[in-house]
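Residues per chain, in single letters:
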Amino acid sequence: MSIRVVLADDQPLIRSGLRVLINDADDIEVVGEAANGAEAVRLARELQPDVVVMDIRMPVMDGIEATGHVVAGSGPVRVLVLTTFDDDEYVYAALRAGASGFLVKDMALEDILGAVRVVAAGDALIAPSITRRLIQHFTGDAPAPASARRRADEQITEREREVLTLVGRGRSNAEIAEDLHISPATAKAHVARLFTKLDARDRVHLVIIAYERGLVVPPR
């Protein structure tokens, strides 16, 4: 079954380009297009797509407000923010609103398709150029105290620690499965247990925890 996508961007040329790109893929199809955030919310409710690819700056209702409405809806619709604006303010606001991913439009086309697949599968994805700033925003430059790291380490197994490290590096469940030579279902189960054991809100929170523990050091 194809991944069903709604495109939300106020620029017709951008929507057209994304539509051609996506419809060329065998496993993804565009089922609706919106020129503003309010239309995106309406289409998400009516069509129940798997993913809404959302721009930020749009008339009537911006992409951040629209993301909050889409995520709060009754269906399991996920939002991938794709924008030319990677300012910290937009990144944090989009993630707080419930976006599952944040990419900038100058990424390679195949990376955009890959991001749609990752988000549709239930993972989260953030452009590498944004990851370090995001982590520093939530944690500051100083890692968590050693005592706190020890207490947290006691909660998880060695395999879960390996999984947490890979999540911190931005790997999807499928990529974690490949790296550790386990099934995707097993990788997903490990991530789910990490959510519970570490009281993590979402995958972004797991990335932050991995950084706090010193399992991942973002490039400077």
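Read on for an overview of the structure. (Residues numbered from 1 in each chain as written. Predicted model: local features only at pLDDT ≥ 70, side-chain atom pairs only at ≥ 80, totals over all residues. Heavy atoms only, no water.)

1. Thoughts on the packing of helix α8 (residues 158–168) against helix α10 (residues 184–197)
Okay, step 1: Running from amino to carboxyl end, α8 crosses α10 at an angle of 95 degrees, the nearest separation of the two axes being 10 Å. Here α8 is positioned roughly perpendicular relative to α10, judged by the angle of their axes. Judged by residue contacts, Arg159, Glu160, Val163, Leu164 and Val167 of α8 engage His190, Val191, Arg193, Leu194 and Lys197 from α10.
Okay, step 2: By residue class, the composition of the contact of α8 with α10 is five nonpolar, one polar and four charged. (Axes fitted to C-alpha atoms, helices over the stretch in contact; angles between N-to-C directions. Helix = DSSP H or I, 4+ residues; strand = E, 2+ residues; numbered from the N terminus. Parallel < 35°, antiparallel > 145°, perpendicular 65-115°, else oblique. Contact = heavy atoms within 4.5 Å. Nonpolar A, V, L, I, M, F, W, Y, C, P; charged D, E, K, R; others polar.)

2. Re empty space enclosed by the protein
Okay, step 1: Taken as a whole, this structure holds one cavity of 30 Å³ or more when the rule is applied.
Okay, step 2: Its boundaries defined by the atoms lining it, the largest cavity holds a volume of some 30 Å³.
Okay, step 3: If you trace the largest cavity, you find it lined by Leu7, Ala8, Asp9, Leu18, Val53, Met54, Asp55, Leu82 and Lys105.
Okay, step 4: Counting only elements with at least two residues in the lining of the largest cavity, the list comes to β1 (3–8) and β3 (51–54).
Okay, step 5: When its residues are assigned to classes, the lining of the largest cavity shows six nonpolar, no polar and three charged. (1 Å grid on protein atoms, 1.4 Å probe; cavity = no way out; pocket = protein on both sides within 12 Å on 5 of 7 lines; lining within 4 Å. Points joined across faces, edges and corners; volume = space filled by probe spheres on them.)

3. Details of the pairing of β3
Okay, step 1: Neither face of β3 is open: one carries Val51 and Val53, the other Val52 and Met54, and all of them are buried.
Okay, step 2: Looking at chain direction, β1 and β3 are connected through four bridges and run parallel. Bridged to Leu7 within β3 is Val53.
Okay, step 3: Bridge analysis of β3 against strand β4 (residues 78–83) gives four bridges, and the strand direction is parallel. Paired with Met54 across the two strands is Val81, which belongs to β4.
Okay, step 4: With respect to chirality, the unit in which β3 leads through helix α3 (residues 63–71) into the neighbouring parallel β4 is right-handed. (Buried < 20%, exposed > 50% of the residue type's maximum accessible area, 1.4 Å probe, protein only. Pairing = 2+ DSSP bridges. Right-handed = clockwise from strand over helix to strand, strands pointing away.)

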